[in-house]
Amino acid sequence: MKFIELTNGDKKIWVRFRRFKPDDAESLVKCIRSEYGDSYFKRKFYYTEYLKMEDASGHIIFFVAERDNGEIIGMLALKRFLPHESMCEIASEIFLKEYRGFRMAFQFFRYALKEIHAMKNVSAIYCLPVLFHDITQRLMEKINLVTCGFVFGVFFMEKIKHSYKFDENLKHPQSIMIRRLAKKDAGKIYLPPEHREFAKKIYDELKVNYQIETEAEKLSGKSEIIAENDDVQFNCKIEVMSAGANLIEEIEKIRSQYLSEYQTFNIFLNISDPKSITAYDELKKIGYFFAGFQPLCSEREIMVLHNPQKVPINMQTLELTPNARAVCNYVEKFYYERFKNV
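Here the structure is a predicted model, which means the values were calculated and not measured.

*Asks:* I'd like a description of the pairing of strand 8 (residues 171-180), backed by residues and values.
*Replies:* On any regular strand, side chains alternate: one points to one face of the sheet, the next to the other face. Across the 10 residues of strand 8, nine count as buried, placing the element largely inside the fold. The pairing of strand 6 (residues 124-127) with strand 8 spans four bridges and is antiparallel. By the bridge assignment, Ala124 is partnered in strand 8 with Arg180. Pairing of strand 7 (residues 146-156) with strand 8, which is carried by seven bridges, proceeds in the antiparallel orientation. Residue Val146 lies in a different strand from strand 8, and its bridge partner there is Ile178.

In structure tokens, the structure reads:
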């Protein structure tokens, strides 16, 4: 890509975006430290050999923003999840603080979009913006990503440093933003009637085909579950691939392993499974509430549920675009309803 001129008041710089080279690894770490110090939640990103290895594998593809004097002033990562999931995540766009104000972020995102379109078999574009600012959300909306829900309790703020405003949330969420690519038919999705209209709004906005079924099936057989805990952020991700008769027993077994007062849990429930409606009802009884959807990211359609345990959530202080605020207001009702069930 050729160098482009960017301005900030009377300041001008010339920048180009290009693929990462192994010699850029130290500069990527410098960008991360500029914003987060030593507190970035992707701990492995501080290791240059890890960056080189992931880029070479194609699992995470890195790009840099380079000045015409050769200085690397920004980074961006695209992440693939094959074979488990088929989306491509726009992730980790970070600039040196002294280069804010040149409006590089949107130009970099547009460059990344072209790179994604050149990839094969990408079902959707996926982004998980932080919510202590709304910059990424606004830019993602400009390239037609849709806010579909939230992953709560991701960041333990006592262990995260950044240069934006801190609010009273001890644990901070991310929003889920999606734009369809290759997957244009979500198939049958099994939902409790209370979420039917909200799901229609989301899937219609994504411009995909879908069928909503609301008749519940009993839980039977064994559950298929994958769980992964972040011991630094006290956040456990639980993927329910298939909900069986032992679902609640298995979920409670996972919960019993993590006893920190700051521990939270997110369940990614397969709603392409006819048993998911009953699974949802059972999970509500043990403290999980509806947090939205993660659509079009694999063969499975996904509902996200959150259990904050003892960690309070103040959704009104999150920095959200109007579109994201409307989704948040819907989700917030189920957070407060949770207290009637536990």
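*Asks:* Break down the side chain of Ser123 for me, citing the residues and quoting the values.
*Replies:* With respect to the helices, strands and loops of the structure, Ser123 is situated in the loop between helix 3 (104-117) and strand 6. The class of Ser123 is buried, set by a relative accessible area of 5%.

*Asks:* Can you lay out the packing of helix 6 (residues 247-255) against helix 7 (residues 276-285) for me, pointing to particular residues and giving the numbers?
*Replies:* Pairs of packed helices are described in terms of their axes, by the angle between the two and the distance that separates them. The N-to-C vectors of helix 6 and helix 7 enclose an angle of 45°; their axes lie 10 Å apart at closest approach. Classified by the angle their axes make, helix 6 and helix 7 are oblique. Seen from above, helix 6 lies across helix 7 with right-handed handedness. On the side of helix 6, the interface is formed by Leu247, Ile248 and Ile251, while helix 7 contributes Ala279, Glu282 and Leu283.

*Asks:* I'd like a rundown of the environment of Glu301, residues and numbers included.
*Replies:* Examined against the element boundaries, Glu301 turns out to sit in the loop between strand 14 (289-294) and strand 15 (302-307). Separated by 277 residues in sequence, Glu301 and Asp24 have C-alpha atoms that sit 37 Å apart. For Glu301, the contacting residues outside a window of four places in its chain are Lys183, Ala186, Ile189, Tyr203, Leu269, Asn270, Ile271, Ser272, Pro295 and Leu296.

*Asks:* Quick rundown of helix 1 (residues 25-36)? Include the residues and the values.
*Replies:* Look at helix 1: 17 Å from first C-alpha to last across 12 residues, which is about the 16 Å you get at 1.5 Å a residue. Turning to helix 1, its buried residues number three or more, namely Ala25, Leu28, Val29, Cys31, Ile32, Ser34, Glu35 and Tyr36. Positive backbone phi, approximately 60°, marks Gly37, located one or two places after helix 1.

*Asks:* Quick rundown of helix 7? Include the residues and the values.
*Replies:* Within helix 7, seven of the 10 residues are buried, leaving the element largely enclosed by the surrounding structure. Every buried residue of helix 7 is accounted for by Ser276, Ile277, Thr278, Ala279, Tyr280, Leu283 and Lys284. At the exit of helix 7 stands Gly287, carrying a positive phi of roughly 105°.

*Asks:* Which residues make up the packing of aromatic side chains, and what are the values?
*Replies:* Using the criterion set out here, one finds 26 aromatic pairs in the structure. Look at Phe63 and Tyr111: their rings are 5.6 Å apart centre to centre, the planes differ by 80°, and that puts the pair in the edge-to-face class. One end of the pair, Phe63, is in strand 3 (residues 60-67); the other, Tyr111, is in helix 3, and 48 residues separate them in sequence. By relative accessible area, which is 13% here, Tyr111 ends up buried. Three or more aromatic residues joined by ring pairs make a cluster, and in this case those are Phe198, Tyr203, Tyr210, Phe290, Phe293, Tyr330 and Phe334. Sitting over the ring of Phe106, Lys142 keeps its end group 5.0 Å from the ring centre.

Thresholds applied
- Every chain is numbered independently, its residues counted from 1 as its sequence is written.
- At least 70 in pLDDT is required for a residue's local features to be given in this predicted model, at least 80 for side-chain atom pairs to be given and counted, and no such filter applies to totals for whole chains, interfaces and linings, which use all residues.
- The side-chain numbers reported here are obtained from all heavy atoms of the structure, hydrogens and water having been left aside.
- The classification of residues rests on relative accessible area computed with a 1.4 Å probe and restricted to protein chains. Under 20% of the type maximum is buried, over 50% is exposed, and intermediate values are partly exposed.
- Every helix listed is a DSSP run of H or I at least four residues long, and every strand listed is a run of E at least two residues long, numbered separately from the N terminus.
- Pairing between strands requires that DSSP locate at least two bridges from one strand to the other.
- Axes here mean lines fitted to C-alpha atoms, for a helix over just the part in contact, with angles spanning 0 to 180 degrees between N-to-C directions.
- An angle counts as roughly parallel when it lies under 35 degrees, as roughly antiparallel when it exceeds 145, as roughly perpendicular when it falls between 65 and 115, and as oblique in every other case.
- Crossings are classed by handedness, with left-handed meaning an anticlockwise turn of the near helix from the far one by less than a right angle and right-handed meaning a clockwise turn.
- Contacts between residues were defined by any pair of non-hydrogen atoms, one from each residue, lying within 4.5 Å.
- Each residue after the first adds 1.5 Å to the expected span of a helix.
- Any two rings among Phe, Tyr and Trp, with Trp reduced to its six-membered ring, count as a pair given centres within 6.5 Å; such a pair is stacked if its planes are under 30 degrees apart, edge-to-face if over 60, and tilted if neither.
- A positively charged side chain is recorded as over a ring if its NZ (Lys) or CZ (Arg) lies within 6 Å of the ring centre. The angle to the ring normal must also be within 35 degrees.

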